[in-house]
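Overview (structure and organization)
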Amino acid sequence: MGQSSRTPQRVAVLMGGPSAEREVSLASGQACATALRGEGFEVIEVDADRDLCAVLDKIAPDAILNCLHGRWGEDGCVQGLLEWQGVPYSHSGVLASALAMDKQRSKETFVAAGLPIVKSILAPADEVRSHHVMAPPYVVKPNNEGSSVGVYLVHEASNGPPQLSDDMPVEVMVEAFAPGRELTTTVIGNRALTVTDILTDGWYDYDAKYKPGGSRHVVPAEIPPDIFDLCMDYALRAHEALGCRGVSRTDFRWDESRGAEGLILLETNTQPGMTATSLSPEQAQACGMSFGALCAWMVEDASCDR
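Given the structure is predicted, the values throughout are model-derived calculations rather than measurements.

**Some details on the overall build of the chain**
Secondary structure summary: the chain contains ten helices and twelve strands in total. A compact globule built from 306 residues would reach a C-alpha radius of gyration of about 19 Å, and the chain, at 19 Å, matches this within 12%. Overall, the chain is about 60 × 45 × 35 Å in size when its C-alpha atoms are taken along their principal axes. By the burial criterion, 52% of the 306 residues in the chain qualify as buried. Long-range pairs, those at least 24 residues apart, make up 71% of the contacts in the chain between residues at least 6 apart in sequence. With the model as given, the accessible surface of the chain reaches about 13,200 Å², and the carbon-plus-sulfur share is 50%.

**Some words on the pairing of strand β9 (residues 191-199)**
Of all nine residues in β9, seven are buried; the element is thus mostly enclosed. Bridge count for strand β8 (residues 181-188) against β9 is six bridges, and the pairing is antiparallel. Residue Thr-184 lies in a different strand from β9, and its bridge partner there is Thr-196. Between β8 and β9, which pair antiparallel in sequence order, lie two residues; one of them, Gly-189, sits at a positive phi of approximately 65°.

**Considerations on the sheet that holds strand β5 (residues 138-142)**
With antiparallel pairing, four strands are arranged side by side in an open sheet as β4-β7-β5-β6. Edge strands, defined here as strands with exactly one partner in the open sheet, are β4 (120-124) and β6 (152-154). Averaged over all adjacent pairs, the angle separating strand axes in this sheet is 25°, with direction ignored. Here helix α5 (residues 103-112) sits on the sheet in contact with β4, β5 and β7 (171-176), set at roughly 45° to β7.

So, how was this worked out
Residues numbered from 1 in each chain as written. Predicted model: local features only at pLDDT ≥ 70, side-chain atom pairs only at ≥ 80, totals over all residues. Heavy atoms only, no water. Helix = DSSP H or I, 4+ residues; strand = E, 2+ residues; numbered from the N terminus. Rg over C-alpha atoms; globule rule 2.2 N^0.38 Å. Buried < 20%, exposed > 50% of the residue type's maximum accessible area, 1.4 Å probe, protein only. Contact = heavy atoms within 4.5 Å. Areas by Shrake-Rupley, 256 points an atom, 1.4 Å probe, with all protein chains shown as cover. Pairing = 2+ DSSP bridges. Axes fitted to C-alpha atoms, helices over the stretch in contact; angles between N-to-C directions.

Given below as structure tokens:
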């Protein structure tokens, strides 16, 4: 690749970390590190720990490719640390990261932007365990974790409330279940790429997302042009409403029986997965952008004050 004089040469790829999504983050980081080496960068892989400041001081990278997922790496915490150190980094900044990770606050932002969401409430986990706080079917999930970690689907025929595990937070989000097809759209910079239709045999959970064969992706999605265009429009508007930078991915549910009114925005991910089965690299590839070119773009887009 012909790098310009302003292209960062030494790149630290942040991965791992202490969140519930550590293993996926390691896979993302290693894949990106390999791709960046193939693009001619000097790459140092960093498993983020509490000594991250000292490690980055020692490495003195030109830029950071942030491949951390979940809390601390995706919620504004590491972004604040990188701003403090003045190291250019990829993806969204402090505020957009914090907003997108907090599902309730991101929903409030989407409503203000005129984007369609489903009804949800925040409730104490003990209350959710004791009785139905919303008429089934509904979904229970942490308010500030990603990647379908700790997600419970309560069916209409459920005999009782969900028995949430002890490691769920004290307060959880309870959200009306949105039926239909699972669609997703990636935004790079200020451009929506395409729409993927995610086909699974059951619930699109952690295994369906990250295990080979867990889901089948149809890209571009074979859906009516008006729904396709709405996904592209909504994803870009969500990206802009939250103040995202770099790459983001917005997930939808579409109830075909209701046409355009059946398209619901679920959430926006500011640090989409970068594994072999990940959706965003697949969409970039479908638009003519190789995985290496995507990783290089993220590095070249890195900055502070994001």
